[in-house]
Amino acid sequence: MSTTTTPTPPRVRAEAGAAQRGPLTGTGTVLRFMLRRDRIRFPAWTLGLTAMMAYFANALPLIFGDEDSLETLTVFVTNPAMALIGGRGYGFDDITLPRFLVGMYGVFVMLGAALMSIMTVSRHTRAEEQTGRAELVRANVTGRHAQLTAALVVAVAMNVVVAVLMGAALMGSAMEPEPASSAFLFALSIGAVGLAFAGVTAVTVQLSPYSRAASGMAGAVLGAAFAVRGLGDMSAAQDGGLGWLSWLSPLGWAQQTAPFTYDRWWPLLLPVLLLVVLSAVAYGLQGTRDLGAGLLPDRLGSAHAAEWLRGPLSLAYRLQRAGLIGWSVAMLVAGIAFGAFAQPMEEGVAGMPDEIVELMGGAGEIVDGYLGFMGLYFAIMVAAYAIISVQGLRGEEQGVRAEPVLATPVSRSRWLLSWSAVTAAGALWLLLLAGVGEGLGAAATIGDWDLLAPTVLGHVAHTPVVWFFLGLAAVLYGLAPRAVGLVWAVYAFGVLMSLFGPMLEPPQAALDASPFLHIGQHPAEEISWVAATLLTAVAVALVAGGAAAFRRRDLVTA
């Protein structure tokens, strides 16, 4: 006796599979895959940030180990310029080493945690869609929200590990902070900032179909959060009426915990709540778009290319144009805002400690000292723009967009040199805008329009430093695209020495190794044109070396 088996219709099988597949189906499998991919990156980020904290916690007691040193330190940190950099400094009226660590260095470790979260979420979500790997994963039994959920879990895990390791590093350091609860509150506040920007990135990756744009939008939010926090803290240090601005920033929320002073735990709820809310928003947005698409509509291009879009130089400008516009607006607005604080600096000189007045060039030069310092400050920000721009070259290569360009008569050297030229011109333009904004803000509030030209010159003079970092990133890209990230270590060292070197009192060789400290803070100091020339020559040589190395390696598209 024979039996006949009727096959299940495809539609029925599809409906049965859909019934078994929920939005989070396969999250565990995807999570394990992400952790496998990040087996080097995960410990590199967490241990790197912890090592930074351990260095501060062990170096400060060696440098400021007695009460006289701490009293001298108070003079340097209780002023509006330092509030702009690190925060308003809770407990600085009765300063201790743990309070100094929290008030001066905490915000920079928070920035590191935020960048870690931004890059992690973007890497495991939008970058996967852009390369097409997400489509292969979703073709299996995987829910719509599995990849985003797993990416958020990885980001949360990284921040939790950072918080635990930093708390342990603080307790085991030469600083020996007491009580232990304050040390772990400080560590948790750093992790909380990372959680907040994991939520921010979860939203931005839904908006653009490109990982670079999504990360850039999240980075812009981070930059705005830092600027708003800085303006609020600077105003509070001068007893101004804008201290409330700090409460608009996740960085400000974390600093409001005030470890070792007030030990407030409740502000930690704000970043966690922001993560929950933004994650819910991200899930909702993801459910309304197609895989690989963004919610922001792609603008239809012209049927014919513009007359000026004829070579690699114009193409490089076209690809960088959107980011350059965003940076331009940010530099101009920030310059005007920071320049407006020149008048409060001048009016408050009578109440400043003599050491600070002398550091800024004397009572008659306090405004010049402030404007010169801000030139250095903006150079640090624009150097980050240059590094990010070179990393964009790697994105073009991995996204298989550089290959069609290089298949034309455009040589590899010409492509890299064109991209570098646009970035170099963009760096000069951004520093010019920052200087113009700073000069206009200072001149308008003080009423001295003679400040405009020296301020612009003082900002533009730092361009060779930015070009140096551009060249370093370019030569690393030419040698091996994966090595471009190493330039951030050099950048971090330079920032540390330029902003905090005088306080940490490292060996003179360490200070001399910082590229930011060779130009001079004009108009308070004379510009070292010799240093500017040498840095420019080194930058040109590095870019040329990168172009030569790029000719001799294979393209990396995975």
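Above this note sits the structure.
First, a word on what this report is: a plain description of the structure on this page. Here the structure is a predicted model, which means the values were calculated and not measured.

What follows is about the packing of aromatic side chains. Going through the model one piece at a time under the given rule, you end up with 13 aromatic pairs. Aromatic side chains F469 and F516 sit 5.3 Å apart centroid to centroid with 25° between the ring planes, which places their arrangement in the stacked category. With a gap of 47 residues between them, F469 in helix α21 (residues 463-479) and F516 in the loop between α23 (508-512) and α24 (529-551) connect regions that are remote in the sequence. In terms of burial, F469 and F516 fall into one category: buried. The ring of F550 carries the charged tip of R412 above its face, separated from the ring centre by 5.4 Å.

This paragraph deals with the nonpolar core. Of all hydrophobic cores here, the largest spans 136 residues; its most connected members are L101 and W415. Here this core takes 18 residues from helix α17 (residues 366-398), the largest share from any one element.

Moving on, we get to the side chain of S173. Here S173 shows up in the loop between α9 (146-171) and α10 (180-207). For S173, the contacting residues outside a window of four places in its chain are A57 and N58.

So, on to the packing of α9 against helix α13 (residues 269-286). Closest axis-to-axis distance for the α9/α13 pair is 11 Å, and the angle between their directions is 160°. When the axis of α9 is compared with that of α13, the two are roughly antiparallel. Seen along the crossing, α9 lies across α13 with a hand that is right-handed. Facing α9, whose interface residues are L148, T149, L152 and V156, α13 presents L275, S279, A282, Y283 and Q286. Looking at side-chain class alone, the contact of α9 with α13 contains six nonpolar, three polar and no charged residues.

We now examine empty space enclosed by the protein. Tallied over the full model, the rule gives two cavities of 30 Å³ or more. For the largest cavity, the calculated volume is near 100 Å³. For the largest cavity, the full set of lining residues is G86, G87, R88, G89, Y90, R99, V102, G103, Q255, A258, P259 and T261. For the lining of the largest cavity, the leading source of residues is helix α6 (residues 97-124), giving three residues. Class assignment of the residues belonging to the lining of the largest cavity gives a composition of four nonpolar, six polar and two charged.

Turning our eyes to something else, we now look at the environment of G219. Turning to its location among the elements, G219 is positioned in helix α11 (residues 211-237). Its relative accessible area of 31% is what places G219 among the partly exposed residues. When the C-alpha positions of G219 and M119 are compared, they lie 9.6 Å apart, and in sequence the two are 100 residues distant.

Looking along the chain, the bond that leaves E178 and enters P179 is cis, with omega of -5°. Residue position: P179 is located in the loop between α9 and α10. Omega for the peptide link from H522 to P523 comes to 15°, which places this bond in the cis form. With respect to the helices and strands, the residue P523 is situated in the loop between α23 and α24. Look at F260: it is not a glycine, yet its phi comes out positive at around 70°. For F260, the position within the fold is in the loop between α12 (250-255) and α13. With a relative accessible area of 11%, F260 lands in the buried category. Backbone geometry at D263 places phi at a positive 50°, although glycine is not the residue there. As for its position among the elements, D263 is in the loop between α12 and α13. Accessibility expressed as a relative area gives 26% for D263, which makes it partly exposed.

Quick notes on the rules
- Residues numbered from 1 in each chain as written.
- Predicted model: local features only at pLDDT ≥ 70, side-chain atom pairs only at ≥ 80, totals over all residues.
- Heavy atoms only, no water.
- Phe/Tyr/Trp six-rings, centres within 6.5 Å; stacked < 30°, edge-to-face > 60°.
- Helix = DSSP H or I, 4+ residues; strand = E, 2+ residues; numbered from the N terminus.
- Buried < 20%, exposed > 50% of the residue type's maximum accessible area, 1.4 Å probe, protein only.
- Lys NZ or Arg CZ within 6 Å of the ring centre and 35° of its normal.
- Core = buried A, V, L, I, M, F, W, Y, C linked by side-chain atoms within 4.5 Å.
- Contact = heavy atoms within 4.5 Å.
- Axes fitted to C-alpha atoms, helices over the stretch in contact; angles between N-to-C directions.
- Parallel < 35°, antiparallel > 145°, perpendicular 65-115°, else oblique.
- Left-handed = near helix turned anticlockwise from the far one by under 90°.
- Nonpolar A, V, L, I, M, F, W, Y, C, P; charged D, E, K, R; others polar.
- 1 Å grid on protein atoms, 1.4 Å probe; cavity = no way out; pocket = protein on both sides within 12 Å on 5 of 7 lines; lining within 4 Å.
- Points joined across faces, edges and corners; volume = space filled by probe spheres on them.

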